[in-house]
Amino acid sequence: MWDAGADYLPSFEQVGEGAQWTRTVVALCDARLSAKAGARPLAGADVEDGVAQLDAVLAEIEEAGFLEADVRAALVDCARRCTPELAFRLLLRAMVVAGVRSLTQEQYARLEVIGSALHHGEFVVDSVRYLAEAE
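Residue indices begin from 1 for each chain and proceed along its sequence in written order. The predicted origin of the model limits local features to residues at a pLDDT of at least 70 and limits the giving and counting of side-chain atom pairs to 80 or more, whereas totals for whole chains, interfaces and linings rest on all residues. As a convention, hydrogens and water are excluded, and side-chain values are obtained from all of the structure's heavy atoms.

Engineer: Quick rundown of helix 5 (residues 69-81)? Include the residues and the values.
Structural biologist: The terminal C-alpha atoms of helix 5, which comprises 13 residues, lie 18 Å apart, in line with the 18 Å expected from a rise of 1.5 Å per residue. To sort residues, take the accessible area from a 1.4 Å probe on protein chains only and compare it with the maximum for the residue type: under 20% means buried, over 50% means exposed, and anything in between is partly exposed. Elements are defined by DSSP. Helices are runs of H or I of four residues or more, strands are runs of E of two residues or more, and each kind is numbered from the N terminus. Along helix 5, the residues classified as buried are V71, R72, A74, L75, V76, C78 and A79. An expected span of 1.5 Å times one less than the residue number is assigned to each helix.

In structure tokens, the structure reads:
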């Protein structure tokens, strides 16, 4: 059984599903920040991490029809309450975990544009390249 007071991130199996895992991570972050005496509230770069890409990240989450609605909703919450950058990374991971059969070349190109705008290295978006349909 997962210990909510533990100082680590639970696995999907411990929590039950991807959407609940994402909500658990948000709650753990909120709890940790609120428990720290003198912890600075998120500001500046912490909050702005990818904010210019929020609309593009939200659009890709909504396009991800292969994910269940509650997972997409959790990713939207993550993009709005945490950072779009984190939500984008989780979206890429969800594509792998969900066993997406393929992405169109257009979808993959949009992911590359977002990844580049977020200053990701070559291997972040490239982790789902094998899902892109061959031309």
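Engineer: Any details on the packing of helix 4 (residues 54-63) against helix 5? Residues and values, ideally.
Structural biologist: Every axis corresponds to a line fitted to the C-alpha atoms, with the helix fit spanning only the stretch in contact, and the corresponding angles, defined between N-to-C directions, vary from 0 to 180 degrees. Their axes nearest at 10 Å, the elements helix 4 and helix 5 cross at an angle of 175 degrees. If you check the angle between helix 4 and helix 5, you find them roughly antiparallel. Across the interface between the two elements, L54, L58, I61 and E62 of helix 4 pack against R72, L75, V76, A79 and R80 of helix 5. In terms of residue class, the contact of helix 4 with helix 5 is made up of six nonpolar, no polar and three charged. Angles are sorted into four bins: roughly parallel if under 35 degrees, roughly antiparallel if over 145, roughly perpendicular if 65 to 115, and oblique for all others. Pairs of residues are marked as contacts when any of their non-hydrogen atoms sit within 4.5 Å. As a working rule, the residues Ala, Val, Leu, Ile, Met, Phe, Trp, Tyr, Cys and Pro are called nonpolar, Asp, Glu, Lys and Arg charged, and the rest polar, with Gly in that last group.

Engineer: Can you lay out empty space enclosed by the protein for me, pointing to particular residues and giving the numbers?
Structural biologist: Cavities and pockets are found on a 1 Å grid laid over the protein atoms alone: a cavity is a set of points where a 1.4 Å probe fits but cannot escape, a pocket is an open set with protein on both sides within 12 Å along at least five of seven lines, and a lining residue has an atom within 4 Å of such a point. Grid points are joined across faces, edges and corners, and a volume is the space filled by probe spheres set on the points. Tallied over the entire structure, the rule returns one cavity of 30 Å³ or more. One number sums up the size of the largest cavity: a volume of about 40 Å³. Lining the largest cavity are E60, E63, A64, F66, M95, L103, Q107 and L111. For the lining of the largest cavity, the secondary structure elements donating two or more residues are helix 4 and helix 7 (105-117). Within the lining of the largest cavity, the residues separate by chemical class into five nonpolar, one polar and two charged.

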